[in-house]
Amino acid sequence: MDNKVYHDEDVSLDVLKDKVVAVLGYGIQGGPQALCLRDSGLNVIVGAGPRDRFPDWDKAEADGFEVMSIAEATGRADVIHVLLADPAQPAVYNREIRNNLKPNATLSFAHGFNILYGAIVPPKDVNVVLFVPNSPGHMVRKKFLEGSGIYGAVSVDQDVTGEALDIALAIAKGVGSTRVGVVELSFQHETEGDNFEEQVLYGGTIHLMKAVFNTMVENGYPPFFAYAKAIRSLRTVIDVMDEIGIEAYISERSSRTCEFAVRMTGPRVIDYEEIQKVFEETERGEFAARWMEEWQLGMPRLQRMRRTGADSKMEETGHEWRDLFGEG
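Residues numbered from 1 in each chain as written. Predicted model: local features only at pLDDT ≥ 70, side-chain atom pairs only at ≥ 80, totals over all residues. Heavy atoms only, no water.

### Describing the packing of helix α10 (residues 223–244) against helix α11 (residues 246–253)
How we decide: For helices, the fitted axis covers only the stretch in contact; all axes are lines through C-alpha atoms, and the angles between them, taken along N-to-C directions, range from 0 to 180 degrees. Strands are runs of DSSP state E lasting at least two residues, helices are runs of H or I lasting at least four, and both sets are numbered from the N terminus onward. Oblique is the label for any angle not under 35 degrees, not over 145, and not in the 65 to 115 range, which are roughly parallel, roughly antiparallel and roughly perpendicular in turn. Working rule for handedness: look at the near helix, and if it is turned counterclockwise from the far one by less than a right angle, call the crossing left-handed; if clockwise, right-handed. It only takes one pair of heavy atoms within 4.5 Å for two residues to be counted as in contact. The nonpolar class holds Ala, Val, Leu, Ile, Met, Phe, Trp, Tyr, Cys and Pro. Asp, Glu, Lys and Arg form the charged class, and all remaining residues, Gly among them, are polar.
It is at 7 Å that the axes of α10 and α11 come closest, and there the two elements cross at 115°. The angle between the axes of α10 and α11 places the two elements in the roughly perpendicular class. The handedness of the crossing between α10 and α11 comes out as right-handed. Contacts from V237, V240, M241 and I244 of α10 reach α11 at I246, A248, Y249 and R253. Looking at side-chain class alone, the contact of α10 with α11 contains seven nonpolar, no polar and one charged residues.

Written as structure tokens, this is what we have:
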């Protein structure tokens, strides 16, 4: 594994041409990826939960897919692309997937969570791979339709047929990711890198934005102005930093006042020791254990935090902002 980046010209869809691909789940990632794979000329079916309890079934049928139970889809497919919520996967796997897998089939995931932590233990006669686009599903579909794609990663945990990597890369190509680039990683690096990123980068950034908004409002600033500073101003610079680099943005595109503030004061609000602790907890599996426990309890802490967050002054201001100023 040499961190090679794969592009369209490196990957063929032929390995999937005569195979049936079952996408299990038709939610945030399942719907967009199934549509992209079908548009790429692949034979895609959809496996969904009971029709009377899950709207995914009707939505997939409305989009023109043949939809069936997860058990039936698994039994018919050569490639089973599991796009269900991570904590829900072990029970569904044991109930509907495990005993319906064909020998030499490929079991594919979009996150290595359950394989890495042993919540799912596949049989020894199937390929086990991973493909993950680094974006929410709606952006995967949007970029695909625009003729581009979302950077992604692939991994192979078990190769029975000798073509596991080719299959993972073909899925990536079918979704459009090889148009911009796909890198090969280990299941551990994909899983724990993703868990670490979501805790520190997403969690840290969102709470930093909330802290900026709340501090300004508590000290007498108008909420609209605070909202613009906390969220909208950051939105305007992210794409520029990605395009030309962080240092080039700081030195060439920002004001000298901004550069001085970033270089001198920015490090004061980052707790590097705490970030290292989060990294170590993640690699010890502590984050995974806490999340699985939360799911099994019915997500009581998450439900409480959702309610509190939805009722905040910042969310109220955001709704008003969008009504008054739109997306511009």
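The rest of the description comes next.
### What about the packing of aromatic side chains?
Rule in force here: Pairing of aromatic rings covers Phe, Tyr and Trp, the last counted by its six-membered ring, and requires centre-to-centre distances within 6.5 Å; plane angles under 30 degrees mean stacked, over 60 mean edge-to-face, and any other angle means tilted. For a lysine, the NZ atom is tested; for an arginine, the CZ atom; a charge sits over a ring if that atom is within 6 Å of the ring centre and within 35 degrees of the ring normal.
Summed over the entire model, instances satisfying the criterion amount to seven aromatic pairs. Residues Y221 and F225 carry aromatic rings whose centres are separated by 6.1 Å and whose planes lie at 15° to one another, so their mutual orientation is stacked. One aromatic cluster in this structure is built from F224, Y227 and W321. Note that R38 overlies the ring of F65, its terminal NZ or CZ placed 4.1 Å from the centroid. R179 extends its terminal NZ or CZ atom over the ring of F144, reaching a point 4.4 Å from the ring centre.

### A closer look at the pattern of salt bridges
Here the idea is simple: oppositely charged side chains can pair when their charged atoms come close. Worth spelling out the cut-off: Every case where a carboxyl oxygen of Asp or Glu lies within 4 Å of a side-chain nitrogen of Lys or Arg is listed as a salt bridge. Think of it in three bands: residues with accessible area under 20% of the maximum for their type are buried, residues over 50% are exposed, and the middle band is partly exposed, with areas taken using a 1.4 Å probe on protein chains only.
Per the stated rule, a full pass over the model turns up 16 salt bridges. Across the pair D63 and K59 runs a salt bridge whose closest N-O atoms are separated by 3.9 Å. Judged by its relative accessible area of 27%, D63 falls in the partly exposed class. Accessibility expressed as a relative area gives 47% for K59, which makes it partly exposed. As a salt-bridge pair, K142 and E146 come within 2.7 Å of each other at their nearest N and O atoms. Among the charged side chains, a salt-bridge network with shared partners connects E247, R256, E259 and R263.

### Considerations on helix α7 (residues 137–145)
Using the following cut-off: Directions pointing from the helix axis toward each C-beta atom define the arc.
Turning to α7, its buried residues are G137, V140, R141 and F144. Seen along its axis, α7 keeps its buried residues to an arc of 95°; they face one direction. Buried positions along α7 lie against α2 (30–39), β7 (127–133) and α8 (164–175). In the stretch just after α7, G147 is the one whose phi turns positive, near 90°.

### A look at the environment of L24
Within the fold, L24 resides in strand β2 (residues 20–24). A sequence separation of 182 residues divides L24 from I206, and the C-alpha atoms of the two residues are 31 Å apart. In contact with L24, other than residues within four places in its own chain, are G47, I70, A73, T74, I80, H81, V82, L83, L84 and I97.

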